[in-house]
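# Structural description and commentary
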Amino acid sequence: DCMLVSTYLFSTYVLSKVMTIFDPFVLNKCKIIYNTFQILVNSYILYNLYLELHFDLTNPFGLNTLFNYNISKYIYIHYLTKYFDFFDTLFIVLCKKSRQLSFLHLYHHSSIVLMWKYAIVTGDANGTVAFSVIANSFIHVIMYFHYLLTTLNIRNPFKFLVTKCQMSQFLILIIHSYMALKYDIYVSNEICVLQIFYQSMMFVFFFNFLIKNRNKTFLKSI
C-alpha cells in the first residue's frame, strides 16, 4: 500500500506537469457516471453495515459488537473504494482545477488508504469500527451528491454545509474512538488511539481550510 500511495502521489505530480502543455479536458459525462457510482456504492455499504452493527439509543456507537464476517467484508469493500477515490485527483488534474489540488486533498486521499490497511492487517477492521465506515459512507453520499449536482450545473443550496458535515464527522469519530478505548473489549487500544490522533488532525486541517475559504470570500466581497 505504501508503494501504491507513493505511485499515486508521483503520478499526480508528473501528470500535473504534463497538463501544463495541454488544454483542460471536459469530462462531465465521466464525472456524472463516477459520482453516481460513488453515491450508490457508499449507500450500499452504509445500508448493509447499518443492519450489521448493533447500536441503539443506549449504545449509539455499537460498542462491543461481536466481530463477524459480514462486517469485515463491507469494511474491506469500503477500504477498496479509497483507491477508487483517486479518480477525484485524476479529474482535478485533467481538468486543470489546480486550486483544488491542495495539500489537504493529497494528504487525505493517501493517508486514509494506509489507515484502513493498518486496521485490516491488525484485525481491527470489524465490530464497532464499522461505525466509522457508516459515518464516512454517509458523508460521501452527501459529498458526491453535491459533486453530481455541480457537474449537472444545478446549484446546491446546502453547499455551505458540506465541509461542516465533514468536520462534524471528525468530531463524532473522535468521541466514538474515545468511548471504544474506554468501553469496547474487542478492538485494540492502538487502533482507538490512532483514530483519535488521525481524526483530530483531519479536523484541524479542515477547519483551517474553512477559515481560509471564508477569508477569500470576504476579500472578494470588499
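Note that the structure is a prediction, hence the values are computed from the model and not measured.

Another aspect to go through is a nonpolar patch on the surface. On the surface, Phe10, Tyr13, Val14, Val18, Ile21 and Phe22 cluster together into a nonpolar patch covering about 630 Å² of accessible area. As for its position among the elements, Phe22 is in the loop between α1 (2-18) and α2 (28-52).

A few words on the packing of helix α3 (residues 69-84) against helix α5 (residues 103-122). When two helices pack together, their arrangement is given by the angle between the helix axes and the distance between those axes. One can describe the packing of α3 onto α5 by two numbers: an axis separation of 9 Å at closest approach and a directional angle of 155 degrees. Compared by their axis directions, α3 and α5 come out roughly antiparallel. For the crossing formed where α3 meets α5, the hand is left-handed. Note on element contacts: α5 touches α3 through Ile112, Val113, Trp116, Lys117 and Ile120, opposite Ile75, Tyr76, His78, Tyr79, Lys82 and Tyr83. Across the contact of α3 with α5, the residue classes tally to 8 nonpolar, 1 polar and 2 charged.

This next bit is on the nonpolar core. In terms of nonpolar packing, the biggest core is built from 38 residues, with Leu49, Ile75, Val113 and Trp116 touching the most fellow members. Mapped by element, the contributors of at least two residues to this core are α1, α2, α3, α5, α6 (130-151), α7 (159-183) and α8 (189-221). Ignoring anything within four residues of it in the chain, the contact list for Val113 reads Asp1, Val5, Tyr79, Lys82, Tyr83 and Phe86. Judged by nonpolar contacts, the second largest core, of 12 residues, contains Ile39, Val93, Leu94 and Tyr144.

Definitions and limits used
- Residues numbered from 1 in each chain as written.
- Predicted model: local features only at pLDDT ≥ 70, side-chain atom pairs only at ≥ 80, totals over all residues.
- Heavy atoms only, no water.
- Patch = residues over 30% accessible without salt bridge, like charges linked within 9 Å, V, L, I, M, F, W, Y side chains within 5 Å.
- Areas by Shrake-Rupley, 256 points an atom, 1.4 Å probe, with all protein chains shown as cover.
- Salt bridge = Lys/Arg side-chain N within 4 Å of Asp/Glu carboxyl O.
- Helix = DSSP H or I, 4+ residues; strand = E, 2+ residues; numbered from the N terminus.
- Axes fitted to C-alpha atoms, helices over the stretch in contact; angles between N-to-C directions.
- Parallel < 35°, antiparallel > 145°, perpendicular 65-115°, else oblique.
- Left-handed = near helix turned anticlockwise from the far one by under 90°.
- Contact = heavy atoms within 4.5 Å.
- Nonpolar A, V, L, I, M, F, W, Y, C, P; charged D, E, K, R; others polar.
- Core = buried A, V, L, I, M, F, W, Y, C linked by side-chain atoms within 4.5 Å.
- Buried < 20%, exposed > 50% of the residue type's maximum accessible area, 1.4 Å probe, protein only.

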